[in-house]
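This is what each chain is made of:
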Number of protein chains: 2
Amino acid sequence: MGVILAKYLGFCYGVKRAIRIAREHADGKSCTLGPIIHNPQMVERLKSEGVDAVENLADMKEGTIIIRSHGVGPQVYEEAKSRNLKIVDATCPHVKKAQLSAKKLVEESYQVVIIGEKNHPEVKSIFEWSNNKAVIIETEEEAKQFSSCQKLGIVSQTTVSGEHFKKIVEWLIQQKAPDVKILRTICTATDQRQAAAIELARDVDLMLVIGGKNSANTTRLAQLCSEECKTYHIETAEELSPEWLNKIEKIGITAGASTPDWIILEVQKKCQTILRK
Amino acid sequence: MGVILAKYLGFCYGVKRAIRIAREHADGKSCTLGPIIHNPQMVERLKSEGVDAVENLADMKEGTIIIRSHGVGPQVYEEAKSRNLKIVDATCPHVKKAQLSAKKLVEESYQVVIIGEKNHPEVKSIFEWSNNKAVIIETEEEAKQFSSCQKLGIVSQTTVSGEHFKKIVEWLIQQKAPDVKILRTICTATDQRQAAAIELARDVDLMLVIGGKNSANTTRLAQLCSEECKTYHIETAEELSPEWLNKIEKIGITAGASTPDWIILEVQKKCQTILRK
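This one's a predicted model, so the numbers in the text were calculated from it and none came from an experiment.

A.B. asks: How should unusual backbone geometry be read in this particular structure?
C.D. replies: A negative phi angle is the norm for most residues apart from glycine, just as the trans form is the norm for most peptide bonds. Residues and elements named next belong to chain B. Positive phi values are uncommon outside glycine, yet N84 reaches one of about 60°. Located in the positive-phi region is N131, a residue other than glycine, with phi close to 60°. You can see N131 is positioned in the loop between α5 (121-129) and β7 (135-137).

A.B. asks: What's the story with the pattern of salt bridges in this structure? I'm lost.
C.D. replies: Opposite charge on two side chains makes pairing possible when the charged atoms of those side chains draw close. Scanning the model with the defined rule gives 29 salt bridges over all chains in all. Beyond isolated ion pairs, a larger network of salt bridges with shared partners links K104, E108 and K181 of chain A.

A.B. asks: Got a minute to help me understand the confidence of the model for chain A in this structure?
C.D. replies: Regions with low pLDDT should not have their predicted coordinates read in detail. On average, residues of chain A carry a pLDDT of 94, and 100% of them reach 70 or more. Scoring the predicted complex yields pTM 0.83 and, for the interface, ipTM 0.77.

A.B. asks: What's the story with the packing of helix α1 (residues 13-24) of chain B against helix α2 (residues 40-49) of chain B in this structure? I'm lost.
C.D. replies: Helix packing for two helices is described by the angle between their axes and how far apart those axes are. Residues and elements named next belong to chain B. The geometry of α1 relative to α2 is characterised by a closest axis approach of 10 Å and an angle of 20° between their N-to-C directions. Viewed along their axes, α1 and α2 adopt a mutual orientation that is roughly parallel. α1 and α2 meet at a crossing whose hand is right-handed. For the pair formed by α1 and α2, the contact residues are I19, A22 and R23 on the first element and M42, R45, L46 and E49 on the second. Residues belonging to the contact of α1 with α2 are distributed by class as follows: 4 nonpolar, no polar and 3 charged.

A.B. asks: Sorry, what's going on with the relation of the copies chain A and chain B here?
C.D. replies: To go from the first copy of the chain to the second, apply a rotation about an axis and then a shift along the same axis. With an RMSD of 0.0 Å, the fit of chain A onto chain B corresponds to turning through 179° and sliding 0.1 Å along the axis. Here the two chains are linked by the operation of a two-fold rotation axis. Of the C-alpha atoms belonging to chain A, the one lying closest to the rotation axis is found on K181 of chain A, 2.1 Å away. A shared binding surface is used by both copies, with 100% of the interface residues of chain A retained as interface residues in chain B.

A.B. asks: How should the sheet that holds strand β2 (residues 30-33) of chain A be read in this particular structure?
C.D. replies: Pairing between sheet strands relies on hydrogen bonds along the backbone, with the strands arranged either parallel or antiparallel. All names here are of chain A. Strand order in the open sheet made by the 4 strands is β3-β2-β4-β5, with parallel pairing throughout. Edge strands, defined here as strands with exactly one partner in the open sheet, are β3 (52-54) and β5 (86-89). If you compare each strand with its neighbour and ignore which way they point, the axes differ by 35° on average. Of the strand pairs in this sheet, β2 and β3 are connected by 3 bridges, and their pairing is parallel. Looking at the pairing, L33 lines up with V54 of β3.

A.B. asks: Is there a simple way to think about the sheet that holds strand β5 (residues 86-89) of chain B in this case?
C.D. replies: Residue and element names in this part refer to chain B. A sheet is described by the order of its strands in space; here 4 strands give the open sequence β3-β2-β4-β5, paired in parallel fashion. Only two strands of the sheet have a single partner each, and these edge strands are β3 (52-54) and β5. The average undirected angle you get between the axes of adjacent strands in this sheet is 35°. Bridge count for strand β4 (residues 64-67) against β5 is 4 bridges, and the pairing is parallel. When the sheet's bridge partners are listed, I65 is paired in β5 with I87. Helix α3 (residues 74-82) rests against β2 (30-33), β4 and β5 of the sheet, and its axis sits at about 150° to β5.

Definitions and limits used
Along each chain, the written sequence defines residue order, and numbers are assigned to residues from 1. Written order decides the labels, with chains lettered from A and ligands numbered from 1. A pLDDT threshold of at least 70 governs which residues receive local features in this predicted model, and a stricter bar of 80 or more applies before side-chain atom pairs are shown or counted, although totals over entire chains, interfaces and linings include all residues. Just so you know, side-chain values use all the structure's heavy atoms and leave hydrogens and water out. In this description a helix means any DSSP run of H or I spanning at least four residues, a strand means any run of E spanning at least two, and both kinds are numbered starting from the N terminus. What makes a salt bridge here is a side-chain nitrogen of Lys or Arg within 4 Å of a carboxyl oxygen of Asp or Glu, nothing more. How sure the predictor is of each residue is captured by pLDDT, a score from 0 to 100. As a rule, the C-alpha atoms of each element are fitted with a line to give its axis, helices using only the stretch in contact, and angles between N-to-C directions run from 0 to 180 degrees. Relative orientations are named as follows: roughly parallel for angles under 35 degrees, roughly antiparallel for angles over 145 degrees, roughly perpendicular for angles from 65 to 115 degrees, and oblique for any other angle. A crossing counts as left-handed when the near helix is turned anticlockwise from the far one by less than a right angle, and as right-handed when that turn is clockwise. Should any heavy atoms of two residues lie within 4.5 Å, those residues are counted as being in contact. Residues are grouped as follows: nonpolar covers Ala, Val, Leu, Ile, Met, Phe, Trp, Tyr, Cys and Pro; charged covers Asp, Glu, Lys and Arg; every other residue, Gly included, is treated as polar. Least squares is used to superpose the copies, and the fit set is the C-alpha atoms of residues whose pLDDT is at least 70 in both copies. Strands are labelled as partners when DSSP assigns at least two bridges between them.

Here's what the structure looks like:
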């Protein structure tokens, strides 16, 4: 009987950095544009510390705008400047690299393909840095249907798994473009968390995956774990129902890259309390 | 009963061009450096027309040196200049593209990989254009063992099959280099000839593959055909033995990219004569 944490879980480098930057600007006059990370509890806590979030730049008359970890397109920087707002950039450095890679490939006349989720804000930001010229490819089916071009430039959403990236690239290469440039803008944090979660899920009776319901990487962790054992995706300890742990010997815990440590600890403590009864 | 020619066979664009250029310089003072193409009969014929071959630049005191279709490294051009020889460049334009691609990749700090045969003169020439810095990869085993690097640039011998190229690239991509540039310097002539030869070999009782025994692409054609039906690799009609055609209904003929039309016609005529008896 016991509660085991995945070897890699929770905050990644980019998220830690974004929150640190936000806290450094908690002066009551700074706002993030959209939620700084995909975790409602952390966003709420930052608000109480003096960093609110706005949905549009038009909602701010003055002060500092904090660009969130997922990044934004170049026109947001322009607009913020034109509104005389101070800009603080908390874009994850890995995302920034993907954005600038897309920009450079377009400048070098490559047809850019972004491997990633069409509706994810990070992918949208990379798309905008491609001067809205990239094609976003999410599935193998889409990759098969991609029509060939002379110069094909490939970048990736940072949270795509290495395996998925490889499969899509293999399809794209089959189109036989004479010049293909592949910029592997994947961050290893996602693969590490996924591999650790799967390894743990194979060894326990139940997995608790903690993180925002709006977090793509947390949802993906939950999906992968559910293929190995009974799995629940929760945002906080409150959601954890004691009945779930009936007749359960070993509980595994993992958490998305945007899940703060204090929530992980709360869940862990609640599990231990229930198990002790 | 009959003799059928493969849909694509014989001289490719680069070979035709090289021979035309050599003939334009048949003034008795021009020599090719090495055999202009890998076909002894054609080389012999050019000699009778006034274009001899030399093995080394040092063998020439004056006149014009004709660079053969497989190309040479940059130092040969330098040496020819320093010996006051006139240079006529009959390098196949597809090979030239592979050479300049390797050169450019090295200039852009890529670790260059050439997919091709280590001992083929074309590959040696591409290697020399990489400033002798490329790694030549011939087999999947070698690709598996290739250790990763930050910037990986891939070019190809022009006569590599699309299928082999794809397999090697897939292995190399698995090494997860963050920046991979693939310049697909394959000429379609090889794939066309191979596909047409296989298609024909499946439909006939015997395949005759005509071309230099020193021609890599002819040898490969013979190998592919022999997997489908009884196959003979011959250089000329003289080698064709009447007994081979005993009880044979349908004969297929293909020829390497360096095999002249007149040899193909001679073989075809000899087959028909034997069959008519």
